[in-house]
Amino acid sequence: MYNFFDQLFVALGAWLVGLVVAAGNGVSKLCCGQPMSEAAAHNVAAGTQVVLICVTIYGVFALCFGLATWLERKMLARIQNRYGPNRVGPFGLLQFVADGVKMLTKEDIVPARADKLVHFLAPAIVLAPALLMFGFLPFGRNMAPTDLDTAVIAFFAVGAGSELALFMAGWGSRNKYSILGALRAVAQMISYEIPLVLAAVPVVMIVGSLSTSQIVAAQGTDSFLDVKGWFVWTPWGFAGFILFLIAATAESNRSPFDIPEGESEIIAGFHVEYSGFKFALFFMAEYLGMMAMAGLGVTLFLGGWHGPKLLPSWAWFMLKGFLIVCWLIWLRGTLPRLRVDQLMAFAWKAMLPFALFNIFATAVWFYLPKTTFLQSAVAWIITAALVVAAYLVISRFVSRRAGAPRVYRYAS
Amino acid sequence: MDTAFIILSLITVAGAVWAVTLRNLIHAVLSLVLFFFGIAGFFFYLNADFVGWVQILVYVGAVAILAIFAVMLTHNLTAEDEPGFFSLRWLTGMAIAATVGAVLWFAIRSNAAMSQTAPAGVASNVADIGRKMMTDWVVPFEVVSLLLTAAMIGAIVIAMEQISHRK
Amino acid sequence: MIQPFTTPESGYTLIPKEGAIETQTIEVSMGPHHPSTHGVFRMDVVLDGEEVKRLKPVFGYLHRNHEQLAEKMNWLGSIPFTDRLDYFCSMSNNWAYCHAVEQLAGIKVPERAEYIRVIMAELTRLINHSCLAGFLLSDAGAWGTPLLYAFREREKILDLFESVSGARMMCNYMRFGGVRADVSDDWLACARKVVENYPRFLDELEALITGNEILLARTQQVGILPRELAINASVTGPMLRASGVDYDIRKVDRYGIYDRFDFRVPLGEVGDVYDRYYVRILEMRESVKILQQALRDIPEGPFDAGVKMRNFKVPAGDGYGRIEAPKGELGFYLVSDGGTRPYRYHVRAPSFINLTILEDMCLGHKVADVIVILGSVDIVRGEVDR
Amino acid sequence: MLGNGLLQGLVVTARNFIRSYFDPERLTTVQYPEERVTLPENSRSFPFLVYDGTPDNLRCVACKICEQECPPQCIYIEVERDPKTGKPVRRPRVFDIDYSVCMQCQICAEVCPFDAIKMDQVYELAGTDRFGGMLHDKAALLKSNEYYHQIRPTEADEVDARLSQSKKKVSPPIAKPAAVPPAQPVPPKTDV
């Protein structure tokens, strides 16, 4: 029973591919006498497999994008003691459809002195990486879209493309605010890419492979309660996860780090001159980027699709991703924005040293013997001590500059 | 000469040509990025996945942005004083390009190892790269990392000088 | 040799230092249609990268000819217009105007009316300071969460105003010699309940904001206003006290019956944005103390001095009356020629004068700081442009 | 320790998030078209003219005090003249209030010596025409005393008590208009 639901989509996919191949054979029998040759059938099957993957990724995650906007507005509303959208559809669930239609019907204004080509290309180029990133994440037991053995590097390489697009958007629209926003976006994403990659390095060191399916396999135990193997329970894993979350928030320009589109400062940053569906594309790229980063965080640290056998594996992946997205929304409702130079200083002076130290702590963990329970407990404590010591040193260094707490006197 | 190779080379050559000839500097840099994607495509074509992704990560992610920042610091972005096609500058350029091309062509022709095509379907070599880098090539690896650290420190010194000037 | 580089329209020359990379300054006009300028206010900012080199505030977008209008109106008629000066604190504006006229005309205000006036003014101070904390945070990027908590508390106080004066924001409640309508006992009971659980909201606001490292980084040592500059620029109100100057008109003039309540005046040390924010939080706690005392011992008795509003004449002469409005010293300079209309009517608007030193506080800071500094100055355009 | 200020803030928003589901004191949003806030008795919106019994028996005697006292000058009154004698009759022929100019400051209601104009509580006055549509003439302004009792019970009782008490002082029945204290267009000092 559990396997039926777990492998539901895999079976569905196989059935569809079989259908297409059968149809292909039928067509070839009609026109050229006999069914397709072995190689042709294999090509058709592989082709439909790829098309199926693209359609499902685009369909599932476009829907998730719509629900994410609804979830964000509802959660932020409830944080601020108000209802949030509840007029369009039950509980406001069709709000994103209404927004989509509004975006489609809105006039698409291109500034006169804008650099037409760059202005036009930017939304497309910002959306492409966001969608490509999903190709490398294993969504469930043998439901990985592509089984690359360089998946983690591929994920970051594709992610790097969106910086360029943000710059093109900012530069193309010839607007002072958007240029400020573009330069901020580029500076921020480059300086947070390094802690992001370094946060993923410990996981790759321990697993020994860059392929996401092997990383997920390394975190699985075949017990019913498949939770023990996750990397987040190890000290270096937990530190890496926190680092990864902070860097992922910065990469997807979300709340404490949303200076590229600092609403209150530079109005809307790089997408100030976009309206209509191009603006919706930027919006979609931000949400898809956020969900992709959440997916990678789940894959690297929270044991991918592993989880107690109550829910199917893909449901566990979606649930954990949903929790990380909720955390990002929660951050957005609470924290004010960092300033540009503080953000850079935090990346280079706090995140980078801590990430490097975390790699050192992982090496210590790797070489400590962990055969018996006592030895692994000792290893755990030593690594935890290392990580906490690093955190205390760095936080004292960062908060030393913040100055002593103020005391306020009253007039006599 | 199957279709994938032709398409890739078209993209690469187009990117390179545009990078040189386009009047708007920003468009030139963006076509340079297209050229980098072409090169990465060749690496994938040669089954060198790891190098292809690193190519995108390093070149498209950082070098292109560096080039754009450099372009931003130049004053006039649309080169107005475009000399004629057959001016002195064009001829010297063509001459240099021809000599470099000839030397490369001669090297490729003479060396036997370079001529046969890549073995198709070889298993991924990420692990091999890692092991080789840490065993046979560890000395060059350390030298390069020293070089990078020096470059980093140099950049910081220039930046510090910049900030001290401005304060 | 690097020639001096001038931006075409502003004629502002930036002589780059030797050896520095020659960068171009951009001139950005922030406002009047800008999300966080608290109304229609424009700042012409010359930026070198992100740093502010020059900032020219541009006023006048909300000028409604208030003072000229008041000269055409009789004394009673311009009370509803004072509501629209600082539309966040209409009760304090009314009181300031009535206070000035009473001083000029020598009208004595009965006890109960004085207590009602103190209660209304302190309630307005609570609204203004809590909303300021909310706006400052949404300028710093906290996307309105503290702002909506402040609005939730403000609704309770606005309901109190509506049930006594008829309108939430444009109360038009005070008259020369007292107030227009009496406060019933259950109104006083409601007011006591609202004042009781106001400190709970203040603790929640402080827990959300005051310890927040990001906010500390964004507001400490930013937009520092030195004592001398504050005094020379005649800045008043919480901005002045945040720079450490002990000057609160409720203690200096002892107008109304403020000398009967014991409350303290909080002072800052550094005078940066964080001090201005935290001094206002402490002032709110003092206002709650005043309100508790006033609501406890409000006496019975007449609520106005029975002054006839029709053909109300003020003896010839001029006078200047001022009170401690939430934003600073709100003063009315009135010249009367004995007729039913003021001869000259001038409003000393605190946020207008506090705004004049915006450039001194913003120089050298980043674009993001300019918005936070402007937020901490707490301006309302109705009062600045009149 | 870096970060515990942020965590404190996150705890506050989390508490608000959870409390907003069951704590009525936190979630105070009123879904406007379906639910409505009950206005306090004193709340005011635009002025209206009061009449006792039939619409043409209105209290207003066209003394034009409110027209002079109104700060934004949005009231326009024309006195009705007796067609035969040409003498002004104590009734307004035209009484317009331009709701787009009126700033709801209730000074007209305050200075009116005959309690003829009072502040209404209706606020749904959206219209399509910004100029003519907002100009309410006498017919549109007239509302009965019962309506006044309905929206403001305590105030209406005081007004009625005062009116009946002043009628008793004047004692002759209303029928003879001449006995009512003569009110020239620019009235002498009357007690408010």
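The text that follows walks through the structure, step by step, so that each part is easy to find.

Conventions adopted
Residues numbered from 1 in each chain as written. Chains lettered and ligands numbered in written order. Predicted model: local features only at pLDDT ≥ 70, side-chain atom pairs only at ≥ 80, totals over all residues. Heavy atoms only, no water. Helix = DSSP H or I, 4+ residues; strand = E, 2+ residues; numbered from the N terminus. Rg over C-alpha atoms; globule rule 2.2 N^0.38 Å. Buried < 20%, exposed > 50% of the residue type's maximum accessible area, 1.4 Å probe, protein only. Contact = heavy atoms within 4.5 Å. Buried area = accessible area lost by both parts, 1.4 Å probe. Salt bridge = Lys/Arg side-chain N within 4 Å of Asp/Glu carboxyl O. Polar contact = N/O pair within 3.5 Å; in protein donor to acceptor, adjacent residues only side chain to side chain. Nonpolar A, V, L, I, M, F, W, Y, C, P; charged D, E, K, R; others polar. Pairing = 2+ DSSP bridges. Expected span 1.5 Å × (residues − 1). Phe/Tyr/Trp six-rings, centres within 6.5 Å; stacked < 30°, edge-to-face > 60°. Lys NZ or Arg CZ within 6 Å of the ring centre and 35° of its normal.

## What about the overall build of chain C?
Within chain C, the regular secondary structure consists of 16 helices and 11 strands. The C-alpha radius of gyration computed for chain C amounts to 22 Å, which stays within 12% of the reference 21 Å derived for 386 residues, consistent with globular compactness. In terms of its C-alpha atoms, chain C occupies a principal-axis envelope of roughly 80 × 50 × 35 Å. The buried share among the 386 residues of chain C stands at 64%.

## Quick look at the arrangement of the chains
The protein chains that touch form five pairs of chains, and the pair with the most contacts between them is chains A and C. Taking C-alpha atoms as the reference, chain B and chain D come no closer than 27 Å and do not contact one another.

## Overview of the interface of chain A and chain C
The interface of chain A with chain C comprises 33 residues on the first partner and 55 residues on the second. Three residues, Arg406, Tyr408 and Tyr410 of chain A, lead the burial of chain A against chain C; their summed loss comes to 21% of the area buried on that side. If you look at where chain A meets chain C, you find three salt bridges. Put simply, Asp369 of chain C and Arg339 of chain A hold a salt bridge, and the shortest N to O gap is 2.7 Å. On the surface where chain A and chain C come into contact, there are 12 residue pairs in polar contact (both at pLDDT 80 or more). Contributions of two or more residues to the side of chain A that touches chain C are made by helix 3 (38-79), helix 7 (176-207), helix 10 (263-266), helix 12 (313-334), helix 13 (340-367) and strand 1 (409-410) of chain A. Here the residues of the side of chain A that touches chain C are counted per class, giving 16 nonpolar, six polar and 11 charged. Of the strand pairs in this sheet, strand 1 of chain A and strand 8 (residues 266-267) of chain C are connected by two bridges, and their pairing is antiparallel. Looking across to strand 8 of chain C, one finds that Tyr410 of chain A is bridged to Pro266 of chain C.

## Concerning helix 2 (residues 8-32) of chain A
All names here are of chain A. For helix 2, with 25 residues, the first-to-last C-alpha span of 36 Å sits near the 36 Å given by 1.5 Å per residue. Every buried residue belonging to helix 2 is among Gly13, Val17, Val21, Gly24 and Ser28, and all of these are buried. As for helix 2, its buried residues are in contact with helix 3. Residue Gly33 follows helix 2 closely and has a positive phi angle near 85 degrees.

## Here's the deal with the packing of aromatic side chains
In the structure shown here, the tally under the stated rule is 49 aromatic pairs over all chains. The interplanar angle of 90 degrees and the centroid separation of 5.9 Å between the aromatic rings of Phe155 of chain A and Phe156 of chain A together place this pair among those described as edge-to-face. Across this residue pair, the class does not change: Phe155 of chain A and Phe156 of chain A are buried. Ring geometry for Phe88 of chain C versus Phe135 of chain C: centroids 6.1 Å apart, planes at 80 degrees, classification edge-to-face. Here Phe135 of chain C lies in helix 4 (residues 111-140) and Phe88 of chain C lies in the loop between helix 2 (79-83) and helix 3 (90-105), a separation of 47 residues in the sequence. The class for Phe135 of chain C is partly exposed, based on a relative accessible area of 24%. Among the aromatic side chains, those forming a connected cluster through ring pairs are Tyr97, Phe176, Phe312, Phe332 and Tyr345 of chain C. A cation sits over an aromatic face here: Arg154 of chain C above Phe151 of chain C, 5.4 Å from the ring centre. Across from the ring centre of Phe352 of chain C, 5.4 Å away, lies the NZ or CZ of Arg386 of chain C, which sits over that ring.

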